[in-house]
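# Tertiary structure, described
Letter by letter, the chains look like this.
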Amino acid sequence: MLDKTYQPAAVEAHRYSLWERSRGFSADPDSGKLPYTIMMPPPNVTGSLHMGHALTFALQDVLVRYQRMRGRDVLWQPGTDHAGIATEIVVTNQLAETQINKQQLGRIKFVERVWEWKTRSGGTIIQQLRRLGASADWSRERFTMDPALAVAVRRVFVTLYREGLVYRDKRLVNWDPEMHTVISDLEVDNRETNGTLWHIRYPIDGEPGRYIVVATTRPETMLGDTGVAVHPEDARYAGLVGKFVRLPLVDRLIPIVADEYADPETGSGAVKITPAHDFNDFEVGRRHSLALFNVFDQDARLNDTVPAAYRGLDRFDARNKIVADLEAAGLLDKFEDHTLMVPHHDRSGVVIEPWLTNQWYCDARVLAAAALTAVEDKRIRFVPRQWENTFFDWMRKIQPWCISRQLWWGHQIPAWYGPDGGVFVAETEEEAQHEATAKYGAAVPLRRDEDVLDTWFSSALWPFSTLGWPEPTRELARYYPTDVLVTGFDIIFFWVARMMMMGLHFMHDVPFRTVYIHALVRDGQGQKMSKSRGNIIDPLELIDQYGCDALRFTLAALAAPGRDIKLAESRVEGYRNFVTKLWNAARYAEMNGCALAAGFNPTQCRLTVNRWIAGTVVDCAAAITAALETYRFDEAANRLYQFVWGTFCDWYLEFTKPILQGDDAAARTETQATTAWVLGRIVHLLHPIMPFVTEEVWENLAGPEAGLLMTASWPDFPVKPADPAASAEMEWVVDAISALRGLRAEMSVPPAARIPLLLKDAEPLAAERIERHQEHFVRLARVDGFEPATRVPASGVQAIVDGATLILCVGDVVDLPREKARLGKEISRLDAELAKIAIKLANPDFLAKAKPEVVEEQREREADVTRDRDRLKAAYERLEVV
């Protein structure tokens, strides 16, 4: 017997434990089933479940549960990423709390401490994924630093090096001067900052008293300037191109070059070029063969390449001194307040410095070619399709990939240096020593490269390294390529594209056939969630309050392609009510003797209402199957919601109450069996999205001997148990009663009032249907009597349904003139609101300045208000007729 109230916390813990013990999550390489594989994007080992995780893992779990029920051999490959920088920061901070300095501890002992931390605390997010209901094959859990995966990493690095696709180079990187490491673009947080724009006079060589004025927000970098750029079509500077200016404070001659990077409409139209400290300037410098002067050391202090007065100064102290010296020299033209985006490391919070340094690089342009072709040839497809254009745009402009990091935690680069600096790249130190001995003619001491690989390097191998590569395992042969990758748009370049590159290069096949890109989860107002805004929604808190199924269903229902999710807690609360609705329907069925009947065949039902609901179940199942096959999670969830809450609970259960409580034993038995059969189909269809409550209901309905719903078969109906006539009749009854209910609501008819119903212009079929279903109209529309009419009386309001005009005589219970006045006033208010919205949306300034989510919010509000206004206008027009 189901409890009176659904208790999600108790059910979820119990059910998940049963699922794990059943090994129902496990893939079976020996089965004859068609494999279905999803690679779980490995969350950082330092991480805790956030709403982005909740969305991506909930959608993946919907797919794997659905495919498992479809009879596929499902492998959802789980694991975590070692998260080099994030983990190093966590452990370093923990050591600092106990007065232990990382550098004094040393690399070997520090790495030991990280492994200890990983063993103790690194599984937090995996346990949180279990709370989300994730049905991954935990027996195959992997970690990007596992020994087997480390073998794969070394093999790939060495192979690419020997193919000339990994190499050392001196280029500009994002440098954290506190952590002393390169960081990726994804780890750069550009923060809006109130700063200053200084306009500096650069004297033109050989023309005393003549200057070219450049503007900069970073005067401390001017000591490394090696050029000034102007636009080639800027007539103001046509005669200066090819001449030189004297760099203030340094007195170095630097050329004036013509380059389209300079914008004639910005500032003076002339820009200083500092190739060693700005990414755009680096490219300008390459085009014009400008020198590169690195003026900072690894701490972002000015180095020995600058005049003595500035050496050793912190970059921001140097800024103040340089500005003061320029002003004293009469070379500061003016300065003004300026808002700019300043890059910070999202982990350490330090301002990032573009810095010229030697690093290891991967030739991404060569590797990208095969990935581009795979998408162009449709061997990999993006859903939604629009993301292909984003992918193409980035891949065709791809730059060398900096793959080295100055950290201790991570895959140490397998490169060793000889006494003369010669490099030996090998999978093991023994191999490197063998190569060195062959070169030098004797054994020599080797020094290993201290850098580690970018975390994205090892995660790029995830689709095949987790399956045992480079060994030719049966899992690799069976589960690669994978079927679909589910991920966010922000890592298309950092992870998705790189998996394509590595998979195609080493496996000679695509790593996945489909890439489903989901949107960003925002707060209820469409704002991006952030600690600074204080609007972060914790998925675990929502699970605690409303249950996991409610959160999962919310995320699925809002996962419309191409649209960010506006997540308000009220949404989750609403879908918690949906879970409760299902639970109460199951209890109602149980209390009314509805049980699964052996050999039940819905096509043999005698009652119209039962034939109707059976056909509706089939239609619903087909729609859900189609939606999940095409990654329309929102359509699947919303169709289920409409069917369960509306068709089944609000209509079918209400229609059949008199049967279950009546004296016709045969009708009651058929309806009990039909109700149980429909409820069974419902929990099957709902299970991928709402696994916990459906498993609980299924066991109560079918008994433990029926087995787990998780591994049950998906509802397929080879023969449609539908009766078109029964469907047409019951849908007409639903429409007619809904129309009458709508009239009552629009006219503010008291709920308890029974209103006479008049039938005008009723065709024979409509009249027959009303006659057969009088009981439903009396009970559900609260009408009193059925009389024919030739006109609409003064006290009546009408609704037209197929084949009849239904008239409610509301004049005796509603003050019609007063109601008309109320409606008119409300319509006027809505018209005024629509006019204000229209003015906003027609204003070019508003559209240009407002954030996209604000504009979208206004459009949605316009649609909502229009819908309400039109509904009220229809009611008003009915009263006009009266």
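Below is a summary of the structure that appears in this document. Here the structure is a predicted model, which is why all the values come from computation and not from measurement.

## Structural notes on the environment of Phe293
- One can find Phe293 in the loop between helix H8 (279–288) and helix H9 (315–328).
- Considered as a pair, Phe293 and Asp225 are 68 residues apart in the sequence and their alpha carbons are 7.5 Å apart.
- Setting aside anything within four residues of it in sequence, one finds Phe293 in contact with Gly224, Thr226, Arg252, Ala276 and His277.

## A look at a negative patch on the surface
- Among the surface-exposed residues, Glu731, Asp735, Glu763 and Asp802 lie close enough to one another that they form a single negatively charged patch.
- With respect to the secondary-structure elements, Glu731 resides in helix H24 (residues 724–746).
- Owing to a relative accessible area of 32%, Glu731 belongs among the partly exposed residues under this scheme.

## Describing the pairing of strand E29 (residues 804–809)
- For E29, the tally of buried residues reaches six of six residues, placing the bulk of the element in the interior.
- Both faces of E29 are covered, namely the face carrying Ala804, Leu806 and Leu808 and the face carrying Thr805, Ile807 and Cys809.
- As judged from the four bridges shared by strand E26 (residues 755–760) and E29, these two strands associate in the antiparallel manner. Bridge pairing in E29 places Leu759 opposite Leu806.
- Counted between consecutive antiparallel strands, the loop separating strand E28 (residues 796–801) from E29 contains two residues, among which Gly803 sits at a positive phi close to 90°.

## Details of the sheet that holds strand E20 (residues 447–448)
- What the three strands build is an open sheet, ordered E19-E18-E20; its pairing is antiparallel. With partners counted over all chains shown, the strands left at the sheet margins are strand E19 (423–425) and E20, one partner each.
- With two bridges joining them, strand E18 (residues 415–417) and E20 adopt antiparallel strand pairing. Residue Trp416 lies in a different strand from E20, and its bridge partner there is Arg448.
- On the sheet, helix H12 (residues 429–440) packs against E18 and E19 and is oriented at approximately 140° with respect to E19.

## Quick look at the nonpolar core
- In this structure, Met51, Trp612, Phe633, Phe655 and Phe777 are the most contacted members of the largest nonpolar core, which totals 149 residues.
- With 13 residues, helix H21 (residues 633–660) is the largest single contributor of residues to this core.
- Excluding residues that lie within four positions of it along the chain, Phe633 makes contacts with Leu59, Val62, Leu63, Tyr516, Ala556, Ala559 and Leu628.
- Val158, Trp387, Trp456 and Met500 belong to the second largest nonpolar core, which has 65 residues in total.

## Topic: the packing of helix H22 (residues 665–686) against helix H23 (residues 691–702)
- In the contact formed by H22 and H23, the axes pass within 9 Å of each other and the chain directions differ by 150°. In terms of axis orientation, H22 runs roughly antiparallel to H23. In this structure, H22 crosses over H23, and the sense of that crossing is left-handed. Each of Ala676, Leu679, Gly680, Val683, His684 and Leu686 in H22 lies in contact with H23, whose residues at this interface are Thr694, Val697, Trp698 and Leu701.
- Here the residues of the contact of H22 with H23 are counted per class, giving seven nonpolar, three polar and no charged.

## Focus: the pattern of salt bridges
- Scanning the model with the defined rule gives 59 salt bridges in all.
- In this structure, the salt-bridge partner of Lys378 is Glu388, at a minimum N-O distance of 3.5 Å. Placement of Lys378 in the loop between helix H10 (364–376) and strand E15 (381–383) and of Glu388 in helix H11 (residues 387–395) is noted, with a sequence separation of ten residues between them.
- The residue Asp870 makes a salt bridge to Arg869 at a minimum N-O spacing of 2.8 Å.
- Given a relative accessible area of 39%, Asp870 falls into the partly exposed group.
- Put simply, Asp30, Asp137, Arg140, Arg474 and Glu475 are held in one network by salt bridges that share partners.

## Let's talk about the side chain of Asn294
- Position of Asn294 relative to the elements: it lies in the loop between H8 and H9.
- In this structure the side chain of Asn294 is engaged in a polar contact, spanning 3.1 Å, whose partner is the side chain of Trp355.

## Some points on the packing of aromatic side chains
- With the rule as written, the count across this model stands at 38 aromatic pairs.
- A centroid spacing of 5.4 Å and a plane angle of 5° characterise the contact between Trp387 and Phe489, whose relative ring orientation is stacked. Residue Trp387 is located in helix H11, and its partner Phe489 is located in the loop between strand E22 (482–488) and helix H16 (492–506); the two are separated by 102 residues in the primary sequence.
- Residue Trp387 is classed as buried on the basis of its relative accessible area, which comes to 18%.
- Between Phe553 and Phe578, the aromatic rings sit 4.9 Å apart at their centres with planes inclined by 45°, giving tilted as the arrangement. Taken as a pair, Phe553 in helix H18 (residues 548–558) and Phe578 in helix H19 (residues 569–591) lie far apart in primary sequence, 25 residues in all.

## Re the packing of helix H20 (residues 608–629) against H21
- The geometry of H20 relative to H21 is characterised by a closest axis approach of 9 Å and an angle of 170° between their N-to-C directions. One element, H20, and the other, H21, form an angle in the roughly antiparallel class. Facing Val609, Asn610, Trp612, Ile613, Thr616, Val617, Asp619, Cys620, Ala623, Ile624, Ala627 and Leu628 of H20, the residues of H21 in contact are Phe633, Glu635, Ala636, Arg639, Leu640, Phe643, Thr647, Trp651, Tyr652, Phe655, Thr656 and Ile659.
- Taken together, the residues of the contact of H20 with H21 break down into 17 nonpolar, four polar and three charged.

## Concerning helix H5 (residues 107–121)
- The end-to-end C-alpha distance of H5 is 21 Å, a good match for the 21 Å that 15 residues give at a rise of 1.5 Å each.
- The set of residues buried in H5 consists of Arg107, Phe110, Val111, Val114 and Trp117. Along the axis of H5, the buried positions cluster into a sector of 115°, meaning they face one direction only. Along H5, the residues that are exposed and aim more than 90 degrees away from the buried face are Ile108, Thr119 and Arg120.
- Of the surrounding elements, those touching the buried residues of H5 are helix H3 (84–97), helix H4 (102–105) and strand E21 (452–453).

Cut-offs applied
- Per chain, residue numbering runs from 1 following the sequence as it is written.
- Per-residue local features of the predicted model are confined to residues with pLDDT of at least 70, and side-chain atom pairs are confined, for both listing and counting, to 80 or more; whole-chain, interface and lining totals are unaffected and use all residues.
- Just so you know, side-chain values use all the structure's heavy atoms and leave hydrogens and water out.
- Here a strand is any run of E in DSSP of at least two residues, a helix any run of H or I of at least four, and the numbering for each starts at the N terminus.
- Contact criterion: two residues are considered in contact whenever any of their non-hydrogen atoms come within 4.5 Å of each other.
- Every patch collects residues that have over 30% relative accessible area and no salt bridge, joining them within 9 Å if they carry like charges and within 5 Å if they are nonpolar side chains (Val, Leu, Ile, Met, Phe, Trp, Tyr).
- Methods summary: accessible areas were calculated by the Shrake-Rupley approach with a probe of 1.4 Å, and residue burial reflects only the protein chains presented.
- Each salt bridge in this description consists of a side-chain nitrogen of Lys or Arg and a carboxyl oxygen of Asp or Glu lying within 4 Å of one another.
- Charge assignment: positive for Lys and Arg, negative for Asp and Glu; neither His nor the chain ends contribute.
- By convention, charge coordinates are those of NZ in Lys, CZ in Arg, CG in Asp, or CD in Glu.
- Only protein chains enter the accessibility calculation, which uses a 1.4 Å probe; a residue whose area is less than 20% of its type maximum is buried, one above 50% is exposed, and one in between is partly exposed.
- If DSSP finds at least two bridges between two strands, the strands pair.
- Axes, fitted as lines to C-alpha atoms, cover a helix only where it is in contact. Angles between the N-to-C directions of the axes lie from 0 to 180 degrees.
- Buried Ala, Val, Leu, Ile, Met, Phe, Trp, Tyr and Cys residues form a nonpolar core when they are joined through side-chain atoms within 4.5 Å.
- An angle below 35 degrees is read as roughly parallel, one above 145 as roughly antiparallel, one from 65 to 115 as roughly perpendicular, and any other as oblique.
- By convention the crossing between two helices is left-handed if the near helix lies anticlockwise of the far one by an angle smaller than a right angle, and right-handed if it lies clockwise.
- Residues are sorted three ways: Asp, Glu, Lys and Arg are charged, Ala, Val, Leu, Ile, Met, Phe, Trp, Tyr, Cys and Pro are nonpolar, and all the rest, Gly among them, are polar.
- As used in this structure description, the phrase polar contact means that two N or O atoms lie within 3.5 Å; if the pair is within protein, one of them must be able to donate a hydrogen and the other to accept it, and residues adjacent in sequence are counted only when both atoms belong to side chains.
- Working definition: a ring pair exists when centres of Phe, Tyr or Trp rings (six-membered ring for Trp) sit within 6.5 Å. Plane angles under 30 degrees give stacked, over 60 give edge-to-face, the rest tilted.
- What a helix is expected to span follows from its residue count: subtract one and scale by 1.5 Å.
- An arc is given here, and it is the one of the directions from the helix axis to the C-beta atoms.

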